[in-house]
Each structure stands twice: as C-alpha cells, then as structure tokens.
Amino acid sequence: MVRESDDVRAGGFTPRRSRVDSSRGNKRRKQRPLWQELPILIVIAAVIAALVVTFVGRPYQIPSGSMEPTLHGCTGCTEDRIYVEKLSYDFGDPKPGDVVVFKSPSSSWDEGYHSTRSSNGVVRGIQNFFSFFGLVPPDENDLVKRVIAVGGQTVQCCDAQGRVLVDGKPLDEPYAHYMYPYQPGLPFAVKTAMGVSTNPTGREFGPIKVPEGNLWVMGDNRNNSLDSRGHIDDQYTGTVPVTDVRGKAVFKIWPLNRIGPVRSQNPQTN
C-alpha cells in the first residue's frame with residue numbers, strides 16, 4: 001500500500017492541495033511592495049486631479065469685499081474659499097443671478113492686480129505645475145461678480161426707487177447691499193480724459209445694451225464694487241464675454257463657519 005506521503009517523497013504525483021498552495025505562494029511573491037506602488041498611485045491621483053480641475057471645477061479665494069455679504073473678502077476677516085464648477089456652462093450660458101468667476105476681459109480690469117507668480121524662473125515653473133492640479137491659483141486676474149443682464153438685454157439705473165432696470169423692468173435684488181441712499185442724477189461712473197472716474201455714493205448708469213455673447217456683471221456690495229459700471233470705456237462697454245467665464249460659484253468651502261451653498265437668484269423673475 002502506497003501512502004500519499006511516500007509519493008511526495010518519491011517524486012510521484014503531486015496532490016492537488018499542494019498545487020493550490022504553491023499557486024497562492026506565487027501570487028504573494030508577485031505582489032509589489034508599497035514603495036513601488038506608491039509612485040503609481042500618486043500619478044493616478046495627479047491625473048484625476050488634473051482632469052477634475054480642467055473639466056469639472058476648482059477652488060478659488062475671494063480677494064475683496066465686492067461681493068459682501070454673500071461672499072466674505074473684507075480686510076481683516078477670513079476670506080471665503082469657494083468651489084467653482086464648470087459643467088453647467090458646458091451645456092448652456094450663464095443666467096441672470098448666477099455668481100460667476102471670470103478672468104479680466106480687458107486691461108482696465110487689471111488696475112491694482114499683481115501676479116502671484118515668483119520672479120524666479122524655477123519657482124515660477126513649479127507654481128505653474130501645481131496650478132495644473134489645482135494646488136496653486138492660476139496666473140491670471142480672476143474676479144467674482146453676479147450676472148445682472150445677458151446678451152441682447154438693455155441695463156441701466158435707476159427707477160424712482162433707485163433700482164436697476166433690465167429692458168425697462170426693475171429688478172428684485174435682496175442680495176444687493178447699499179451703504180448710501182439713492183440720489184437722483186448722481187452717476188456711479190463718469191468718462192473723463194483720464195479714463196473712468198467712479199463715485200461710490202452714486203448709482204446711475206446707462207442705458208447700455210449688452211452685446212450678444214456678453215454679460216453685465218455687478219458686485220453685491222454695490223458701493224464697493226468696481227464691476228461693469230466702472231469699465232464702460234473699454235472695448236466691451238464694461239461687459240464680460242462669456243468665453244472669459246471660468247465657472248459658476250456653487251459652494252463656500254472655507255472657513256468652517258461659512259460652509260454652505262452660493263445661491264443663484266434670478267433678479268428678473270419678480
């Protein structure tokens with residue numbers, strides 16, 4: 001009588017159980033160590049981050065108080081960080097009431113802007129690299145305002161109550177903050193030989209017909225916002241081309257006590 005143990009020692013047939021155990025051992029031996037898998041995981045994560053930043057959205061920091069109280073950017077306070085998504089405008093254009101981030105459409109919007117990039121070529125290259133993955137802001141003057149009127153509409157201010165008008169109809173703007181009462185006949189901005197001179201206590205402007213494919217934008221903090229009203233002398237009459245829009249602000253992600261949605265409210269549906 002031949003026992004299984006004698007066959008193994010003699011080089012006879014190998015029991016099926018032994019082949020399975022050997023196979024499992026080979027699989028264990030083929031598993032990569034962590035130091036080999038980690039670079040692969042980092043590359044995969046970087047590719048995903050780049051795709052998200054390019055096609056889905058990215059965070060932005062609010063640098064000024066022009067959108068108070070909707071968005072905080074005041075001197076001495078913790079500036080809001082917002083998430084701006086791009087998908088909405090892949091399937092349609094911005095609508096009245098949307099809070100949008102856009103790059104400056106003309107040089108007049110760049111007054112006071114300074115690039116955050118280093119003058120050192122190596123450091124600047126590193127900053128540009130990390131910007132591609134959303135870890136560093138893009139090297140451009142990005143601004144955030146609310147859409148008031150779109151292409152083909154005529155916008156102006158004011159009616160007897162100091163309200164903005166679009167196509168002759170007053171807007172319902174509960175988000176708008178005014179520090180000064182309406183003074184009839186006092187404009188917000190006046191063209192001069194040196195450019196546009198603004199008066200924060202004034203409200204009146206227009207009428208201006210928004211070109212097709214462009215937007216008229218204003219800050220919620222009306223007396224402290226250099227928006228479309230302050231750029232009426234540029235080639236777009238203060239409007240912003242839709243092609244310069246980076247996305248729609250949808251959520252406040254920082255600080256913790258400010259986390260919440262950024263709401264769009266169409267002022268033309270009153």
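Residues numbered from 1 in each chain as written. Predicted model: local features only at pLDDT ≥ 70, side-chain atom pairs only at ≥ 80, totals over all residues. Heavy atoms only, no water.

A. Quick peek at the overall build of the protein. If you tally the helices and strands in the protein, you get four helices and 14 strands. Counting only residues that meet the buried cut, the protein has 39% of its 270 residues in that class. Of the contacts made within the protein by residues no fewer than 6 positions apart, 67% connect residues no fewer than 24 positions apart. (Helix = DSSP H or I, 4+ residues; strand = E, 2+ residues; numbered from the N terminus. Buried < 20%, exposed > 50% of the residue type's maximum accessible area, 1.4 Å probe, protein only. Contact = heavy atoms within 4.5 Å.)

B. Examining the nonpolar core more closely. Within the largest apolar cluster, 19 residues are counted, with the highest numbers of intra-cluster contacts made by Ile148, Val155, Val164, Phe205 and Trp216. Every element with two or more residues in this core is listed here: strand 4 (142-150), strand 5 (154-157), strand 6 (164-166), strand 10 (205-209) and strand 11 (214-218). (Core = buried A, V, L, I, M, F, W, Y, C linked by side-chain atoms within 4.5 Å.)

C. How the structure looks around the pairing of strand 3 (residues 99-103). Extensive coverage of strand 3 is indicated by the burial of four of its five residues. Examined bridge by bridge, strand 3 and strand 4 share five bridges and lie antiparallel to one another. Among the inter-strand pairings, Val101 is bridged to a residue of strand 4, identified as Val144. Bridge analysis of strand 3 against strand 13 (residues 245-254) gives three bridges, and the strand direction is antiparallel. Looking at the pairing, Val101 lines up with Gly247 of strand 13. (Pairing = 2+ DSSP bridges.)

D. Fine view of the state of the cysteines. Within the structure shown, the criterion is met by one disulfide. Residue Cys157 pairs covalently with Cys158 via a disulfide, S to S 1.9 Å. Judged by the torsion about the S-S bond (85 degrees), the Cys157/Cys158 disulfide is right-handed. No difference in accessibility class separates Cys157 from Cys158, as the two residues are buried. (Disulfide = S-S within 2.5 Å.)

E. Here's a closer look at the packing of aromatic side chains. Under the criterion given, the structure shown has four aromatic pairs. Between the aromatic rings of Phe129 and Phe130, the centroid separation amounts to 5.5 Å while the plane-to-plane angle is 75 degrees, which identifies the pairing as edge-to-face. Look at Phe130 and you get partly exposed, because its relative accessible area is 35%. Aromatic pair Phe129 and Phe133: ring centres 5.0 Å apart, planes at 70 degrees, arrangement edge-to-face. (Phe/Tyr/Trp six-rings, centres within 6.5 Å; stacked < 30°, edge-to-face > 60°.)

F. Quick peek at the pattern of salt bridges. The tally for this structure, following the rule as stated, stands at eight salt bridges. Among the ionic pairs, Asp80 bridges to Arg258, the shortest N-O distance being 2.8 Å. Pair noted here: Asp80 is in the loop between strand 1 (57-61) and strand 2 (81-85) and Arg258 is in the loop between strand 13 and strand 14 (260-261), with a separation of 178 residues, a long-range link. Arg258 shares its class with Asp80; the two are buried. (Salt bridge = Lys/Arg side-chain N within 4 Å of Asp/Glu carboxyl O.)

G. Geometry of the side chain of Asp220. With respect to the secondary-structure elements, Asp220 resides in the loop between strand 11 and strand 12 (240-241). Of note is the side chain of Asp220, whose polar atom sits 2.8 Å from the side chain of Arg146. Residues contacting Asp220, with those up to four places away along its chain left out, are Ser66, Met67, Glu68, Thr70, Arg146, Tyr175, Ala176 and His177. (Polar contact = N/O pair within 3.5 Å; in protein donor to acceptor, adjacent residues only side chain to side chain.)

H. The side chain of Glu85, seen in detail. Positionally, Glu85 belongs in strand 2. Despite being buried, Glu85 has no salt bridge partner; Lys248 is the closest side chain of opposite charge, sitting 5.3 Å away. Within the structure, the side chain of Glu85 is placed 2.3 Å from the side chain of Ser88, a separation counted as a polar contact. Among all residues touching Glu85, those that are not within four sequence positions of it are Val56, Gly57, Gly247, Lys248 and Val250. (Lys, Arg positive; Asp, Glu negative; His and termini not counted.)

I. Examining the environment of Trp109 more closely. Note on placement: Trp109 falls in the loop between strand 3 and helix 4 (121-131). Put simply, Trp109 and Ser228 are 119 residues apart on the chain and 9.2 Å apart in space, counted from C-alpha to C-alpha. Excluding residues that lie within four positions of it along the chain, Trp109 makes contacts with Phe102, Ser104, Asn141, Leu143, Val217, Leu226, Asp227, Ser228, His231, Asp234, Gly238 and Val240.

J. Highlighting the confidence of the model for the protein. With 88% of its residues at a pLDDT of at least 70, the protein reaches an overall mean of 87. This stretch, residues 1-14, has a pLDDT under 50; its non-local contacts, to residues over four places away or in other chains, come to eight contacts. (pLDDT = per-residue confidence, 0-100.)

K. Highlighting the sheet that holds strand 7 (residues 169-170). What the four strands build is an open sheet, ordered 7-6-5-10; its pairing is antiparallel. Unpaired on one side and paired on the other, strand 7 and strand 10 mark the two borders of the sheet. Sheet analysis places strand 5 next to strand 6, joined by three bridges and oriented antiparallel. Bridge assignment links Cys157 to a residue of strand 6, and that residue is Val164.

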